[in-house]
Amino acid sequence: MKLANTTIGARIFGAFAVMSAIIGLMGLASYGVLSAAGSIAVTTFDGPLMAINYARAAQNDFTEMQLAEMRFERASPKGRPAIAAEIAALAQIFNEDLEVAAQRSLHADEQQMIAEIRPLMKRWREARDKGEIAGLAKLDRQIDEKFDLLIEFNTGHSFIGRRQTVTNIANYKYSVLAMTDRPPLSGPVGMLV
């Protein structure tokens, strides 16, 4: 069928159908990119960011346990039971925070660090119960180093998630620009990349 032989109504309808298809494809692409970006944002928040928060909370719990241990060493025999109960309560909070960090840590390197912290913490508690002060100092350093590595891993994975989100948004931006033949955007969306 020649274009010259079609009515103006048929031409308008054909143009309308083509524009509808383009708009539909752009909408579908928008939904896909927005869905992927949203998924990455939720995963980043529920994963690495929460893992960082709870790993830091567990590290803070451990620091409080260390301070309580120093008070225990200097306390009179009469005051020691209360401090020992405080250390036991802090140990329970520590375990809860570390467990949440483990649940939120999505990568093998993070899980490995948590798996290394747990037995060190058990040895720290045993050394504390036996009064092995020299052993506590060595374990203090080892546990703190493992927490530093864990938080670095969590932070690195969080940054990777952020970059994935930025890349998805940039890809969508450029595909929309290509379809609409518009100049690049400026402002917050244009500045993401």
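Reading the values: rules and limits
Residues numbered from 1 in each chain as written. Predicted model: local features only at pLDDT ≥ 70, side-chain atom pairs only at ≥ 80, totals over all residues. Heavy atoms only, no water. Salt bridge = Lys/Arg side-chain N within 4 Å of Asp/Glu carboxyl O. Helix = DSSP H or I, 4+ residues; strand = E, 2+ residues; numbered from the N terminus. Buried < 20%, exposed > 50% of the residue type's maximum accessible area, 1.4 Å probe, protein only. Axes fitted to C-alpha atoms, helices over the stretch in contact; angles between N-to-C directions. Parallel < 35°, antiparallel > 145°, perpendicular 65-115°, else oblique. Contact = heavy atoms within 4.5 Å. Nonpolar A, V, L, I, M, F, W, Y, C, P; charged D, E, K, R; others polar. Phe/Tyr/Trp six-rings, centres within 6.5 Å; stacked < 30°, edge-to-face > 60°. Core = buried A, V, L, I, M, F, W, Y, C linked by side-chain atoms within 4.5 Å. Patch = residues over 30% accessible without salt bridge, like charges linked within 9 Å, V, L, I, M, F, W, Y side chains within 5 Å. Areas by Shrake-Rupley, 256 points an atom, 1.4 Å probe, with all protein chains shown as cover. pLDDT = per-residue confidence, 0-100.

## Notes on the pattern of salt bridges
Right, on to step 1. Inspection of every chain in the model, using the stated rule, returns 5 salt bridges.
Right, on to step 2. One salt bridge in this structure joins Arg71 and Glu86, with 2.3 Å as the shortest N-O distance. Residue Arg71 is located in helix α1 (residues 8–74), and its partner Glu86 is located in helix α2 (residues 80–104); the two are separated by 15 residues in the primary sequence.
Right, on to step 3. Glu86 sits in the partly exposed class, given a relative accessible area of 31%.
Right, on to step 4. For Glu99, the salt bridge goes to Arg118, with nearest N and O atoms at 2.8 Å. With a gap of 19 residues between them, Glu99 in helix α2 and Arg118 in helix α3 (residues 108–130) connect regions that are remote in the sequence.
Right, on to step 5. Classification of Arg118 by relative accessible area gives partly exposed; the value is 36%.

## A short note on the packing of α2 against α3
Two measures define how a pair of helices packs: the angle their axes make with one another and the distance between the axes.
Right, on to step 1. Taken N-terminus to C-terminus, the directions of α2 and α3 make an angle of 170 degrees; their axes are 11 Å apart at the nearest point. One finds that α2 runs roughly antiparallel with respect to α3. On the side of α2, the interface is formed by Ala84, Ile87, Ala88, Ala91, Phe94, Leu98, Glu99, Ala101 and Ala102, while α3 contributes Gln111, Ile114, Ile117, Arg118, Met121, Arg125 and Arg128.
Right, on to step 2. By residue class, the composition of the contact of α2 with α3 is 11 nonpolar, 1 polar and 4 charged.

## Let's talk about the packing of aromatic side chains
Right, on to step 1. According to the stated counting rule, one finds 2 aromatic pairs in the structure shown.
Right, on to step 2. Considering the side-chain rings of Phe62 and Trp124, the 5.4 Å spacing of their centres and the 70 degrees angle between planes classify their relative orientation as edge-to-face. With Phe62 in helix α1 and Trp124 in helix α3, this residue pair connects regions lying 62 residues apart in the sequence.
Right, on to step 3. The exposure class of Phe62 is buried, given its relative accessible area of 0%.
Right, on to step 4. For Trp124, a relative accessible area of 1% puts it in the buried group.

## What about the nonpolar core?
Here is a general trend for soluble globular proteins: nonpolar side chains tend to be buried in one another's company.
Right, on to step 1. Counting 29 residues, the largest nonpolar core has Met65, Phe94, Trp124 and Phe147 as its most contacted members.
Right, on to step 2. Counting residues per element, the ones that place at least two in this core are α1, α2, α3 and α4 (133–180).
Right, on to step 3. The biggest single contributor to this core is α2, with 8 residues.
Right, on to step 4. When near neighbours in sequence (up to four residues on either side) are disregarded, Phe147 contacts Ala55, Ala58, Gln59, Phe94, Leu98 and Ile117.

## A short note on a nonpolar patch on the surface
Right, on to step 1. Residues Val18, Met19, Ile22 and Ile23 make up a contiguous nonpolar surface patch of about 360 Å² in total accessible area.
Right, on to step 2. With respect to the element layout, Met19 can be found in helix α1.
Right, on to step 3. A relative accessible area of 47% means that Met19 is categorised as partly exposed.

## What about the confidence of the model for the chain?
Right, on to step 1. Across the chain, the average pLDDT comes to 84, with 89% of residues at 70 or higher.
Right, on to step 2. Taken element by element, the predicted model of the chain shows its lowest mean pLDDT in α4 (83) and its highest in α2 (94).
Right, on to step 3. Taken as a whole, residues 189–193 scores under 50 in pLDDT and shows 11 contacts with residues more than four places along the chain or in a different chain.

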